[in-house]
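Coordinate analysis (summary)
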Amino acid sequence: MNKQQAQTLWILFFALLSSVVMYVVVAVVVDSQGGPQGVDQGAFDLELLQYVFLGLGAAATVASLVIPGLVIRSEPDEVLPFQRLFTKKILQWALAESIAIFGLLLYF
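First things first, this report covers the structure right here in the doc.

Cut-off values and rules
By convention here, each chain's residues receive numbers from 1 onward along its written sequence. Residue-level local features of this predicted model are given only where pLDDT is at least 70; pairs of side-chain atoms are given and counted only at 80 or more, and the full residue set underlies all totals for whole chains, interfaces and linings. Side-chain numbers here rest on the full set of heavy atoms in the structure, without hydrogens or water. Under the DSSP-based scheme used, a helix requires at least four consecutive residues in state H or I and a strand at least two consecutive residues in state E, with every element numbered from the N terminus. For this measure, only C-alpha atoms enter the radius of gyration; the expected value for a globule follows 2.2 Å times N^0.38, where N is the number of residues. Only protein chains enter the calculation, and the probe is 1.4 Å; a residue is then buried if its accessible area is under 20% of its type maximum, exposed if over 50%, and partly exposed in between. Residues count as neighbours in contact if any of their non-hydrogen atoms are within 4.5 Å of one another. Within this scheme, the nonpolar core is defined by two criteria: the residues are buried Ala, Val, Leu, Ile, Met, Phe, Trp, Tyr or Cys, and they are joined through side-chain atoms within 4.5 Å. Patch membership requires over 30% relative accessible area and the absence of a salt bridge. Like charges are linked within 9 Å, and nonpolar side chains (Val, Leu, Ile, Met, Phe, Trp, Tyr) within 5 Å. For every accessible area listed, the method is Shrake-Rupley and the probe measures 1.4 Å; residues are considered covered only by the protein chains on display. Note on definitions: salt bridges are taken to be side-chain nitrogens of Lys or Arg within 4 Å of carboxyl oxygens of Asp or Glu. Each aromatic pair joins two rings of Phe, Tyr and Trp (for Trp, the six-membered one) with centres within 6.5 Å, and gets the label stacked for planes under 30 degrees apart, edge-to-face for over 60, and tilted for any other angle.

1. Here's the deal with the overall build of the protein
- Of regular secondary structure, the protein possesses three helices and zero strands.
- Mapped from its N terminus to its C terminus, the protein presents α and β elements in the order α-α-α.
- Compactness check: the protein gives a C-alpha radius of gyration of 18 Å against a globular reference of 13 Å for 108 residues, more than 25% above the reference.
- Viewed in the frame of its principal axes, the protein has a C-alpha envelope of about 55 × 25 × 15 Å.
- Within the protein, buried positions represent 20% of all 108 residues.
- Of the contacts made within the protein by residues no fewer than 6 positions apart, 78% connect residues no fewer than 24 positions apart.

Pasting the structure below:
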């Protein structure tokens, strides 16, 4: 992997990481304005919803570790070509980002 390819991976990583920070900013801004409005929390079983999102988050965590290795197979000592490494990292980071989306959905 050359310097430009490594830089591309880092840019993608920080772009996805910054989106997670933006989810936090959205939640903080909404909370500072009184929280989500117009939602009758009695209509939802929030405890059940918390368990559902906890399970989805745990599944996404495991998936972000397992699925890329299943999709992009390689030998233990093999150096992956950039295209395959790029695909593997996108899969990992997208699945990991979904955990933050579950948290934001749970907040709302």
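Back to the text.
2. Brief notes about the nonpolar core
- With six residues, the main nonpolar core is built from Leu9, Ile72, Leu80, Phe82, Leu85 and Trp93.
- In terms of residues, this core owes the most to one element, helix α3 (residues 82–107), which gives three residues.
- Other than its neighbours up to four places away in sequence, Leu85 contacts Met1, Leu9 and Leu80.

3. Some points on the environment of Val52
- Residue placement: Val52 occurs in helix α2 (residues 46–71).
- Residues Val52 and Phe102, 50 residues apart in the sequence, show an inter-C-alpha distance of 9.6 Å.

4. A word on a nonpolar patch on the surface
- Together, Val62, Leu65, Val66, Ile67, Leu70 and Val71 make up a nonpolar patch on the protein surface, roughly 530 Å² of accessible area in all.
- With respect to the helices and strands, Leu70 occurs in helix α2.

5. Brief notes about the environment of Phe102
- Residue position: Phe102 is located in helix α3.
- The spatial distance from the C-alpha of Phe102 to the C-alpha of Arg84 is 28 Å, given a sequence separation of 18 residues.
- Sequence-distant contacts of Phe102, that is, excluding residues within four places in its chain, are made with Phe53, Leu56, Gly57 and Ala60.

6. A word on the packing of aromatic side chains
- Going through the model one piece at a time under the given rule, you end up with seven aromatic pairs.
- Seen in terms of ring centroids, Phe82 and Phe86 are 5.5 Å apart; in terms of plane orientation they differ by 40°. Their pairing is tilted. Residue Phe82 and its partner Phe86 are located together in helix α3, separated by four residues, close to a single helical turn.
- Residue class for Phe86 comes out partly exposed when judged on its relative accessible area of 25%.
- Pairwise contacts between aromatic rings join Trp10, Phe13, Phe14 and Trp93 into one cluster.

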